[in-house]
Amino acid sequence: MTRKAGFRLIEHTADIGLEAWGADPAQVFLQAALALKSIIVGNSPVRGRDSRSMTLEGEDAGELLVAWLNEIIYASEVLEMLPAHFRIRALDDHRLQAEIEGEQLAPNRHRVAREVKAATYHQLLMEDTGDGWHARVYLDL
Amino acid sequence: MTIKLQKIDRYRWRIPQEGDMRTEGLVFASETMIQSLRQDQSLEQVRNVATLPGIVGPSMAMPDIHWGYGFPIGGVAAFDADEGIVSPGGVGYDINCGVRLLRSELEAEELRPRLQKLVDGLFQNVPSGVGSHRHDFKLTLAEERRVLEQGAAWAVRQGFGSEGDLDHIEAGGALPGADAERVSERALERGRAQLGTLGSGNHFLEVQEVEEVYHEPAARVLGLFPGQVTISIHTGSRGLGYQVCDDFLKVMHKAARKYGISLPDRQLCCAPLSSPEARDYLAAMAGAANFAFANRQMITAWVRDTFGQVLQKSPSDLRLNVIYDVCHNIAKWEEHLIAGRKRRLCVHRKGATRAFPPGHPETPSVYRQIGQPVLIPGDMGRYSYVMVGTAEGMAETFGSCCHGAGRVLSRRAAQKKARGQDVVGELAARGILIRAAGRSTVAEEISGAYKDVADVVDVVQQAGIGLKVARLRPMAVVKG
């Protein structure tokens, strides 16, 4: 039986990494986004009031995953739109259509737990394990 | 992977050239440090860098080496202008993250009664933490482009500091060849609200006391004396630099394939120095580096204002002069003597500091007899060091030295260790005041999360690649 989708944060001396897994690449992209959200907003309650759609292109699924996480970082840092939910609309090896749902940062209700500089390519993993898909991404903090 | 290590002497370790390595690895470390380095992947990263085309001399690591992305943090590697490459991963996301040290005419004892007021003022006037910025300063896109091309000089022209400051900054506060046209709109967008901000994580602003002088003549030239108040500023190019790095990693993945460069880690992606991809990256990187110089210049001006306001003293009484400002994430064109021949090399320093020797033309004329100042921050509970570059370092490490203490605990492990501990209260009991935007930052930055920087600088001194001048003890720290 395929493992239930999920994520966990992994240790790195200077920074932090995430692992995500699921039945298919779309679930992995969703779980990786949830892992990143947990790092950026911590336990702050964020509502899905606004949404931001995007189409990303990449050389392979790994590059797309890094690009997707960097879009979430961009939205929260520059547009000050904190993420609540994510939707993966379409995904193949070179193209991702997805949506971030969230809301504008309100300092009285939200606290950004951490600034994430970027999702990196260091030891990047996005693979079919035969028992579902598995990804690993390190983040630069 | 087990990495072969050969002990050369007490402070030098060789990773012998084998497999796809084009040169050997050279690690500066004590026996104790090597034991802990074997636990993570940083030595493998030294090995990986040694596989890159056109590397000249060994792939090196300073004693503050720890596990990074692609390159180890503490890594130094030089590449030949014709055969070599440039790698954004060898510079890092925080392009020209660096340290600036200011001196003063104040003695720690006279400052102590006003210290709380001072740290509150600094916390108020210098934006720190996620998303904070000054409301009285806005940057237009046209001005931002000028920042990228002019660096610290742009800030001076806007009234932040004086012309004299520029003589005491690496490269005069502006790397040549910067081109704002090579920087993406998104990078400009990320940077616009972040010029003049400290950021979070390990960035800080620290008020210090000169606790010990090791080299009296050099200290005198730098204007340092025991009991004196100094100020350190540690920050970089903020979101603009992170975005430049991310943009060019994509470019370099394609370039590595195009030029047939095989990579042991995707984060090491790179392009030949003679390629248009490399030229574009170096022009964008120089722009981001200049943004960082301007950033530290603006923060300097706000530090001076705050000291003046709190202590009711004039700038000429305070004399908060820049001692020096060094980059520790950068790739630079430099001339080095290799086997008796002058060669133009692209030197990558990823978490390492340039440390040019006495007499070098790029060392400011006032410091030419003692060597370029090297600023090495430790952790917030212990001390930082001022060193100067040496002729031995120039010959052996392309004039490079360590940049800090180096983490030993992950952030989560540090938080766990700090749990139940009153970190702020314990530091206050030892006379160190902390103001931080985020509580978790303080827990993650506890002393125990870092190597003892004294051990790091001792290795540097014993190996002869840097010379200790003074030790600075923190009095007050502003964190993000």
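This text follows the structure it describes.
First things first, this report covers the structure right here in the doc. (Residues numbered from 1 in each chain as written. Chains lettered and ligands numbered in written order. Predicted model: local features only at pLDDT ≥ 70, side-chain atom pairs only at ≥ 80, totals over all residues. Heavy atoms only, no water.)

Regarding its fold elements, chain B presents 17 helices and 19 strands. If one aligns the C-alpha atoms of chain B with their principal axes, the spans along those axes are about 60 × 50 × 50 Å. Taking contacts inside chain B between residues at least 6 apart in sequence as the whole, the part at least 24 apart equals 77%. Distance from the positive charge centre (58 side chains) to the negative charge centre (55 side chains) of chain B: 3 Å. (Helix = DSSP H or I, 4+ residues; strand = E, 2+ residues; numbered from the N terminus. Contact = heavy atoms within 4.5 Å. Lys, Arg positive; Asp, Glu negative; His and termini not counted. Charge placed at Lys NZ, Arg CZ, Asp CG, Glu CD.)

A few words now on the overall build of chain A. Per the secondary structure count, chain A includes 2 helices and 8 strands. Starting at the N terminus, the α and β elements of chain A follow one another as β-β-α-β-α-β-β-β-β-β. The C-alpha atoms of chain A give 14 Å as radius of gyration, which agrees with the globular expectation for 141 residues (14 Å, within 12%). Principal axes of the C-alpha set define a box for chain A whose edges measure 45 × 35 × 30 Å. Out of the 141 residues belonging to chain A, those deemed buried represent 57%. In chain A, the proportion of contacts linking residues at least 24 apart, taken out of those at least 6 apart, comes to 64%. Accessible surface, chain A: about 5800 Å² in total, of which carbon and sulfur atoms supply 44%. (Rg over C-alpha atoms; globule rule 2.2 N^0.38 Å. Buried < 20%, exposed > 50% of the residue type's maximum accessible area, 1.4 Å probe, protein only. Areas by Shrake-Rupley, 256 points an atom, 1.4 Å probe, with all protein chains shown as cover.)

With that settled, consider the interface of chain B and chain A. Counting residues at the interface gives 40 residues for chain B and 37 residues for chain A. Buried area between chain B and chain A, summed over both chains or domains, comes out near 3400 Å², and the portion from carbon and sulfur atoms is 45%. Among the residues chain B hides against chain A, the three largest losses belong to Trp67, Tyr69 and Arg266 of chain B. Together they make up 21% of the total. In this structure, the connection of chain B to chain A is made through 10 salt bridges. Notably, a salt bridge pairs Glu77 of chain A with Arg190 of chain B, separated by 2.8 Å at the nearest N-O pair. Across the chain B-chain A interface, the total number found is 24 residue pairs in polar contact (both at pLDDT 80 or more). Contributions of two or more residues to the side of chain B that touches chain A are made by α8 (185–192), α10 (238–258), α14 (411–418) and α16 (439–444) of chain B. Broken down by element, the side of chain B that touches chain A gets its largest block of residues, 9 residues, from α10 of chain B. (Buried area = accessible area lost by both parts, 1.4 Å probe. Salt bridge = Lys/Arg side-chain N within 4 Å of Asp/Glu carboxyl O. Polar contact = N/O pair within 3.5 Å; in protein donor to acceptor, adjacent residues only side chain to side chain.)

Next up on the list: unusual backbone geometry. Phi is positive for Gln123 of chain A, which is not a glycine, with a value near 50 degrees. Structurally, Gln123 of chain A can be placed in the loop between β6 (118–119) and β7 (125–128). Judged by its relative accessible area of 22%, Gln123 of chain A falls in the partly exposed class. The residue Arg238 of chain B is not glycine, and still its phi comes out positive at about 55 degrees. Looking at the element boundaries, Arg238 of chain B is found in helix α10.

Residue and element names in this part refer to chain A. Here 3 strands make up an open sheet; going across it, the order is β3-β5-β4 and the pairing antiparallel. Two strands close off the open sheet at either side, each with one partner strand: β3 (50–57) and β4 (81–91). On average, each strand axis in the sheet is inclined to that of its neighbour by 25 degrees, with strand direction left out of account. The sheet strands contacting helix α2 (residues 61–77) are β3, β4 and β5 (95–104), and the helix crosses β3 at an angle near 150 degrees. (Pairing = 2+ DSSP bridges. Axes fitted to C-alpha atoms, helices over the stretch in contact; angles between N-to-C directions.)

A word on the environment of Leu249 of chain B. You can see Leu249 of chain B is positioned in helix α10. In this structure, the C-alpha to C-alpha distance between Leu249 of chain B and Cys270 of chain B, residues 21 residues apart in sequence, is 7.9 Å. When neighbours within four sequence positions are excluded, Leu249 of chain B is seen to be in contact with Tyr121 of chain A together with Pro88, Gly89, Tyr93, Gln267 and Cys269 of chain B.

Now for the pattern of salt bridges. A full pass over the atoms with the stated rule returns 57 salt bridges over all chains. Where Arg471 of chain B meets Glu212 of chain B, a salt bridge forms, and the shortest distance between an N and an O atom there is 3.0 Å. Of this pair, Arg471 of chain B sits in strand β19 (residues 467–479) while Glu212 of chain B sits in strand β8 (residues 204–213); the two residues are 259 residues apart in sequence, bridging distant segments of the chain. The residue Asp325 of chain B makes a salt bridge to Arg296 of chain B at a minimum N-O spacing of 3.0 Å. Remark: Arg296 of chain B occurs in helix α11 (residues 276–311) and Asp325 of chain B occurs in strand β11 (residues 322–327); sequence separation between them is 29 residues. Arg296 of chain B shares its class with Asp325 of chain B; the two are buried. Three or more residues are tied together by salt bridges with common partners; here these are Asp15 and Arg114 of chain A together with Arg411 and Glu444 of chain B.

Attention now goes to the environment of Asp305 of chain B. Residues and elements named next belong to chain B. The residue Asp305 is located in helix α11 in this model. Exposure remark for Asp305: the relative accessible area of 41% places this residue in the partly exposed category. For the pair formed by Asp305 and Arg471, sequence separation is 166 residues and the distance between their alpha carbons is 26 Å.

Residue and element names in this part refer to chain B. This model, assessed by the stated rule, comprises 9 aromatic pairs over all chains. Taken together, a centroid distance of 6.5 Å and an interplanar angle of 70 degrees make the contact between Phe137 and Trp154 edge-to-face. Taken together, the residues span a long stretch of sequence, with Phe137 in the loop between α4 (115–125) and α5 (141–150) and Trp154 in helix α6 (residues 152–157) at a distance of 17 residues. Residue Phe137 is classed as buried on the basis of its relative accessible area of 16%. Looking at Trp154, the relative accessible area reads 3%, which means it is buried. (Phe/Tyr/Trp six-rings, centres within 6.5 Å; stacked < 30°, edge-to-face > 60°.)

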